[in-house]
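Structural overview
These are the residues of each chain, in order.
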Amino acid sequence: MKEELDCIYEAETEVSMINENGVLKPHAYQVLFNQIAEKHLNDFHLNAGDIMGYGVAWALISMTIEIEKQAEGCQKLFAQTWHSQHKGPYWRRELIFRDAAGDTIFKGSTFSVLLDLEKRTVYRKKEIPFYVGDPTDIFTTEARPTLRCHLDFAAAQERTAYNSYIDMLGHVNNCRYTEFAYDAFSEEEKARLGDMKHMEIYFASELRCGDAFTIGKAYDGGRLYIRGHNNSKDDTSFDIVIY
């Protein structure tokens, strides 16, 4: 049987992922993570199309990314990913991206849950209706599924969830959230993007088409916090932390 760590996938940074200063935008890391995870789940028959027939789907709830060196423009990367932990409702996955020389460019972890598509709640039955192999308990970074944050956020932008943001699960695709965060960067923050070493993304509550939401910003030491607050439901949709 094929082992997860035996699989190496090619990915490529492209023009739309890179800003005018030659630096990868925050959402680029998330897009690359998602692309590789989807390729891998396809190979192991665990992608959305395979499991939606059981009335469930994977829902990403957090992502932690460590950047070891800046990508050099448009370049080919080589990625590995593996299921590293299953604890309670949380499924943890590791990813690592290397260049052609074998040097690590960035790496990190994701936490996902199974979403009951009918109830729109977390699937909590002990037994799941399909096979997932045993985890490989090798971790790339310190990571957690949820964030506790009690900062005062200053409103930076007011936005609306449009049709183009919605994916096949009927909510705003998670890759959009890092785009919303980057849109709220000041010129100074954008100029310092090349210094980013660490990013955490937490998905707390889904945004649906037509929802009005506010992007707020706060600083704590050297960390920039960006929050998406769903005004239509009066709850936190997402938090992003950048070191």
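In this report, we go over the structure that sits alongside the text. (Residues numbered from 1 in each chain as written. Predicted model: local features only at pLDDT ≥ 70, side-chain atom pairs only at ≥ 80, totals over all residues. Heavy atoms only, no water.)

**Topic: the packing of helix α1 (residues 26-43) against helix α3 (residues 175-183)**
Each pair of packed helices gets described by two things: the angle between the helix axes and the distance between those axes. This is how it is decided: The axes are straight lines fitted to the C-alpha atoms, using for helices just the contacting stretch, and the angles between their N-to-C directions are given from 0 to 180°. Secondary structure elements are defined from DSSP: runs of H or I of at least 4 residues count as helices, runs of E of at least 2 residues count as strands, and each element is numbered from the N terminus. Angles below 35 degrees are treated as roughly parallel, those above 145 as roughly antiparallel, those between 65 and 115 as roughly perpendicular, and all remaining angles as oblique. The criterion used for residue contact is that any of the two residues' heavy atoms lie within 4.5 Å. Gly falls in the polar group here, along with every residue not listed as nonpolar (Ala, Val, Leu, Ile, Met, Phe, Trp, Tyr, Cys, Pro) or charged (Asp, Glu, Lys, Arg).
Taken N-terminus to C-terminus, the directions of α1 and α3 make an angle of 170°; their axes are 8 Å apart at the nearest point. Here α1 lies roughly antiparallel to α3, going by the angle between them. Across from P26, H27, Q30, V31 and N34 in α1, the residues of α3 making contact are C175, T178, E179 and Y182. Residue composition of the contact of α1 with α3, grouped by class: 4 nonpolar, 4 polar and 1 charged.

**Focus: the pattern of salt bridges**
Put simply, the test is: For this analysis, a salt bridge means a side-chain nitrogen from Lys or Arg found within 4 Å of a carboxyl oxygen belonging to Asp or Glu. Three labels apply to residues, based on accessible area from a 1.4 Å probe with only protein chains included: buried if under 20% of the type maximum, exposed if over 50%, partly exposed otherwise in between.
Taken as a whole and assessed by the stated rule, the structure comprises 15 salt bridges. Between E206 and R120 there is a salt bridge; the shortest N-O distance is 3.0 Å. With a gap of 86 residues between them, E206 in the loop between β8 (198-203) and β9 (212-220) and R120 in the loop between β5 (104-116) and β6 (121-122) connect regions that are remote in the sequence. A relative accessible area of 22% means that E206 is categorised as partly exposed. R144 serves as the salt-bridge partner of E200, at 3.7 Å between the closest nitrogen and oxygen. Note that E200 is positioned in strand β8 and R144 in the loop between β6 and β7 (154-160), a separation of 56 residues in sequence. According to the relative accessible area criterion, R144 is partly exposed, its value standing at 40%. Sharing partners across several salt bridges, the network here consists of E20, E187 and K190.

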